[in-house]
Amino acid sequence: MTRRDNVGPVCSLKFVTLLVALIPELLFLGAGVQLQDNGYDGLLIAINPQVSEDQNLIPNIKEMITEASFYLFNATKRRVFFRNIKILIPTTWKANNYSKVKQELYEKANVIVTDWYGAHGDDPYTLQYRGCGKEGKHIHFTSNFLLNDDLTAGYGPRGRVFVHEWAHLRWGVFDEYNNEKPFYINGQNQIKVTRCSSDITGIFVCEKGPCPQENCIISKLFKEGCMFIYNSTQNATASIMFMQSLSSVVEFCNARTHNQEAPNLQNQMCSLRSAWDVITDSADFNHSFPMNGTGLPPPPVFSLIQAGDKVVCLVLDVSSKMEEADRLLRLQQAAEFYLMQIVEIHTFVGIVSFNSKGEIRAQLHQINSDDDRKLLVSHLPSTVSAEAQTSICSGLKKGFEVVEKLNGKAHGSVMILVTSGGDEHIGNCLLTVLSSGSTIHSIALGSSVVENLEELSHHTGGVKFFVPDKSNSNSMIDAFSRIPSGTGDIFQQRIQLESTGENVKPHHQLKNTVTVDNSVGNDTTFLVTWQTSGPPEIALVDPNGRKYYTSDFITNPALRTARLCIPGTAEPGLWTYTLNNTHHSLQALKVTVTSRASSSAMPPATVEVFVERDSPRFPHPVMIYANVRKGIYPILNATVTATIEPETADPVVLKLFDDGAGADIIKNDGIYSRYFFSFAVNGSYSLKVHVSYSSSISGLAHSVPGNHAIYVPGYIANGNIQMNAPRKSVGRHEEEQKWGFSRVSSGGSFSVLGVPAGPHPDVFPPCKIIDLEAVKVEEEVTLSWTAPGEDYDQGQANSYEIRMSQSLQKIQDDFNNAILVNISKLLSPQQAGTKEIFTFSPKLFTNGPDHQPDGETQESHRIYVAIRAIDKNSLKSAVSNIAQVSLFIPPNSAPVLARDHLILKGVLTAVSSIGIICLTIAVTHYTLNRKKRADKKENGTKLT
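Conventions we followed
Residues numbered from 1 in each chain as written. Predicted model: local features only at pLDDT ≥ 70, side-chain atom pairs only at ≥ 80, totals over all residues. Heavy atoms only, no water. Disulfide = S-S within 2.5 Å. Helix = DSSP H or I, 4+ residues; strand = E, 2+ residues; numbered from the N terminus. Core = buried A, V, L, I, M, F, W, Y, C linked by side-chain atoms within 4.5 Å. Buried < 20%, exposed > 50% of the residue type's maximum accessible area, 1.4 Å probe, protein only. Axes fitted to C-alpha atoms, helices over the stretch in contact; angles between N-to-C directions. Parallel < 35°, antiparallel > 145°, perpendicular 65-115°, else oblique. Left-handed = near helix turned anticlockwise from the far one by under 90°. Contact = heavy atoms within 4.5 Å. Nonpolar A, V, L, I, M, F, W, Y, C, P; charged D, E, K, R; others polar. Polar contact = N/O pair within 3.5 Å; in protein donor to acceptor, adjacent residues only side chain to side chain. Salt bridge = Lys/Arg side-chain N within 4 Å of Asp/Glu carboxyl O. Phe/Tyr/Trp six-rings, centres within 6.5 Å; stacked < 30°, edge-to-face > 60°. pLDDT = per-residue confidence, 0-100. Pairing = 2+ DSSP bridges.

(A) A look at the state of the cysteines. Per the counting criterion, the structure on display carries three disulfides. The disulfide partner of C132 is C270, and the gap between their sulfur atoms is 2.1 Å. Here the S-S torsion is close to 105 degrees, and the disulfide linking C132 with C270 is therefore right-handed. Separated by 138 residues along the polypeptide, C132 in the loop between β6 (125–127) and β7 (138–142) and C270 in the loop between α8 (265–269) and α9 (275–280) bring together distant segments of the chain.

What follows is the structure, given as structure tokens:
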């Protein structure tokens, strides 16, 4: 183990210890929602800049959270409530004596309010990209949901809806209804509606009114004109994750009330555990106890905050270490691009440099024109100092001095800190930094930066980046391009379309194409950088054949950059660039292409990259995620590739998938995921994702993913059917897509410790199978799942172990002793990501006393199946989700094969005439046909 391996964790421990000792209010700045003394502090609700100002929106948000706080307090048995809430007001709204933001950014919000509507209009939803018990990304509301009181008839009171979504976001539980499987056959051979708890009552409704279920369910399908309507008055108190709109529902399903047989996402994702079981296992409940007494907690306190003038200070290292590996040159190139193209107009920008001392190079200067940008570029450092010592604290203190000259405080300001040297004394200014109200984005160069620098960014709400010392790496420019604006206005933000670099041999060329799609095109910029000598010979051809050459670019010989800004809106289509190395030596050539939205009426495609764990220890893997969408709609069938660059080893290229297997928990939600565990060395790893999408593939989802609060179409009240207004469906304008698109985004950096030197034994098992399904086909059961790999989701596992039971509890608690299924006819596992299919006869295992496990009776007509994978070194995956299937169909219902996934869609319209209510219900159904994956990952299916 190197000295760094020993020192790093100790320094981090001292750093964390110091944090804990600080004033709690300072520690929580930038740290997200915190639970203290049963109350949540720091919940951030952000309103999108595109939302029109409405005087009722803020009061309605306050009313929703206040109602939610008391409802949540009772639902959690007096455990938690909402204490302090911040509402981020967009700068597009008039100033109204709002408090100024500190480290609050739109991108960090727990709840966002937009005017972007999904296919089902105003459905609130939570974006969950991780597994059971894990926090989600954010809750989404439309402004109409918060303003239109008529919607509460279908969704229930807004406070209850918020608690439903909060449980998704905070505790990682899932919905207990299932629109695709509205009913199922239970272990007693009875037809049941998918719900939790089973005590919630209702009746089947046919075209002419109530009817018995046998008149509604024919051949496993709802008969046309039928649906299930719930009673408005119930005795059941659970569950909030099923139907929060019912007045009797005041708690989550627990072990006593949970319906383990219901085919819903909660059972699939949480291995049949109840929502309350998952919630009580959370860190929130492990560190809190019910409040004493019988009174209610105090109502939430709200702070309305709004960003003032945007203030940025570049804090740049000029120590002698910046001379290594052309670090200063690459910093100059990236900073120039940031100042000339990235930073928004009207921003105040200052520049500070530091070695062992800080120096102000440019006081705050507001950007109102290109001349202002050029003036700031002229103040960038051009040389390094002779001393190697660095004092990050000295640089930051000078940065605070610069930004405080505007309003007397650093609140809401942004520091972009670039450094190449290790500084063991960051703790000396920790209190100053945390109390400043400034956000610190850190860019670390080389391998000598201490771990505390990354912690500094984390605790101020900033993003951390790592730039390896590689001549062909474009990571520095990628980092500056990824600095968040904090406003959430994607129509004003610069979007990266291309970022590539290559060491080009003498008299060779770097040639490629980049797609400019019709959702972008304004302020399109091509940036070319080189390492030595003069510029390459540049040729750029637009989709119409117009050519641009080196002479058309604005060249800065000192910084070795050439920049071309396309006037107006760039022509959509394929742009081809060619860089010829006309020199006699190897040349590191790099290309960056950025643009802005072409119209405020059409949101551009975006990609957001993040990792689940940013400081793991070997051998724990990192989960990489890329959220690809257009507005709120996920983009499917894109090609998403992650490039991970370690400090010293070669980059690793990893394809990400949205297939609902491995690290990707939900299929077709626009979040592409993958495990990364190919750790070459200890230290920092830089992450970048490239997305390409072909116009020949249908890729824009027609619905918004995520877990939604259910909209109830109607109720039975006093024996009468009372229907709510049909849920609004919003049609999407399908703009013509001729060219596809390309996007690039940095994912920042993460650190890995504990990687052994040299070869090490296999410690990576196959990943858990999370999509096991079972379907009865005549007298047999067909299982399907996605193959895991030898190591997590990569490679090819060695074998499978399939077990079944007629007791749900037995297979859940004692998989090893459940009945082993003979899989001799199942060939070896296929390549990871391939769909596996296996058919067996359960009668071979369930007939006769010899095969009747304890506690399982012949009256049980349901079997439960689970699977795990084993690699060549006998490492076993976790047991899969449990699939269930009924062995028999009721006598009056004949099975219909290949119809195991149903979607019920019902719309009822009530028309009143002479006191007689005539109901017309239109119910349509369709069968979801399974398709093989079309990408390289799909290698075919296998039926045994």
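This is not the end of the story, as more comes after the structure.
(B) Up close: the nonpolar core. Counting residues in hydrophobic clusters, the biggest one holds 73 residues, and the most contacted among them are I47, F82, F162, W166, W171 and F252. For this core, the element with the highest residue contribution is helix α3 (residues 57–75), accounting for nine residues. Judged by nonpolar contacts, the second largest core, of 47 residues, contains V609, M623, A626 and I671.

(C) Just the packing of helix α11 (residues 327–342) against helix α16 (residues 475–482), in detail. Here α11 crosses α16 at 30 degrees, and the two axes come no closer than 9 Å. In terms of orientation, α11 and α16 fall into the roughly parallel class. The handedness of the crossing between α11 and α16 comes out as right-handed. Of the residues in α16, those touching α11 at R327, R330, L331, A334, A335, F337, Y338 and I342 are M476, I477, F480 and S481. Class assignment for the residues of the contact of α11 with α16 results in nine nonpolar, one polar and two charged.

(D) Region of the structure containing the side chain of D489. Inspection of the secondary structure assignment puts D489 in the loop between α16 and β22 (495–504). A distance of 3.1 Å separates a polar atom in the side chain of D489 from the backbone nitrogen of F491. In contact with D489, not counting residues within four places along its chain, are P49 and Q50.

(E) Inspection of the pattern of salt bridges at higher detail. A full pass over the atoms with the stated rule returns 22 salt bridges. For D41, the salt bridge is made with R83, and the minimal N-O distance between the two is 3.1 Å. Placement of the pair is D41 in strand β2 (residues 39–47) and R83 in strand β3 (residues 81–89), with a sequence separation of 42 residues. You can call D41 buried: its relative accessible area is 11%. K77 serves as the salt-bridge partner of E251, at 2.9 Å between the closest nitrogen and oxygen. Linking E251 in the loop between α7 (240–243) and α8 with K77 in the loop between α3 and β3, this pair joins segments that are 174 residues apart in sequence. Relative accessible area serves as the criterion here: at 12%, E251 is assigned to the buried category. K77 sits in the partly exposed class, given a relative accessible area of 40%. Connected through shared salt-bridge partners, E324, R327, R330 and D469 make up one network.

(F) Region of the structure containing the packing of aromatic side chains. Overall, the coordinates contain 37 aromatic pairs when judged by the stated rule. Taken together, a centroid distance of 4.8 Å and an interplanar angle of 45 degrees make the contact between F677 and F764 tilted. Linking F677 in the loop between β36 (671–676) and β37 (683–693) with F764 in the loop between β41 (741–752) and β42 (773–777), this pair joins segments that are 87 residues apart in sequence. Assigned by exposure class, F677 and F764 land together as buried. Each ring, one from F677 and one from Y792, has its centre 5.3 Å from the other, and the planes form 50 degrees; the classification is tilted. Of the two residues, F677 is situated in the loop between β36 and β37 and Y792 in the loop between β43 (780–786) and β44 (799–805); the sequence distance between them amounts to 115 residues.

(G) Region of interest: the environment of C206. Examined against the element boundaries, C206 turns out to sit in strand β10 (residues 202–206). Judged by relative accessible area, which is 14%, C206 ranks as buried. As a C-alpha pair, C206 and C216 span ten residues in sequence and 7.0 Å in three-dimensional space.

(H) Spatial organisation of the confidence of the model for the protein chain. In the predicted model, the protein chain carries a mean pLDDT of 86, and 84% of its residues have values of at least 70. Throughout residues 1–24 the model reports pLDDT below 50, and contacts reaching past four residues in sequence, or to other chains, amount to 31 contacts.

(I) Local environment of the pairing of β44. Most of β44 sits inside the fold, with six of its seven residues counted as buried. Bridge analysis of β44 against strand β47 (residues 862–870) gives seven bridges, and the strand direction is antiparallel. Counterpart to R803 in the pairing with β47 is A866. When β44 meets strand β45 (residues 819–820), the two strands line up antiparallel, connected through two bridges. Within β45, the position partnered with R803 by the bridge is L820.

(J) Just the sheet that holds β43, in detail. Spatial strand order, β42-β43-β46: three strands in an open sheet with antiparallel pairing. The open sheet has two edge strands with one neighbour each: β42 and β46 (835–840). Sheet twist, expressed as the mean angle between neighbouring strand axes with direction ignored, is 20 degrees. Inspection of the sheet shows β43 paired to β46 by six bridges, in the antiparallel sense. Bridge pairing links W785 to E836 in β46.

(K) Molecular detail of the packing of α3 against helix α6 (residues 158–171). Close contact between α3 and α6 brings their axes to 8 Å; oriented N to C, the two are set at 70 degrees. Judged on the interaxial angle alone, α6 and α3 are roughly perpendicular. Where α3 crosses over α6, the handedness of that crossing is right-handed. Residues N60, M64, I65, E67, A68, Y71 and L72 of α3 pack against R158, G159, R160, F162, V163, W166 and W171 of α6. Looking at the contact of α3 with α6 residue by residue, the classes come out as nine nonpolar, two polar and three charged.

(L) Here's a closer look at α16. Taking burial as the measure, the eight residues of α16 include seven buried ones, the bulk of the element. Of the residues making up α16, those classed as buried are S475, M476, I477, D478, A479, F480 and S481.

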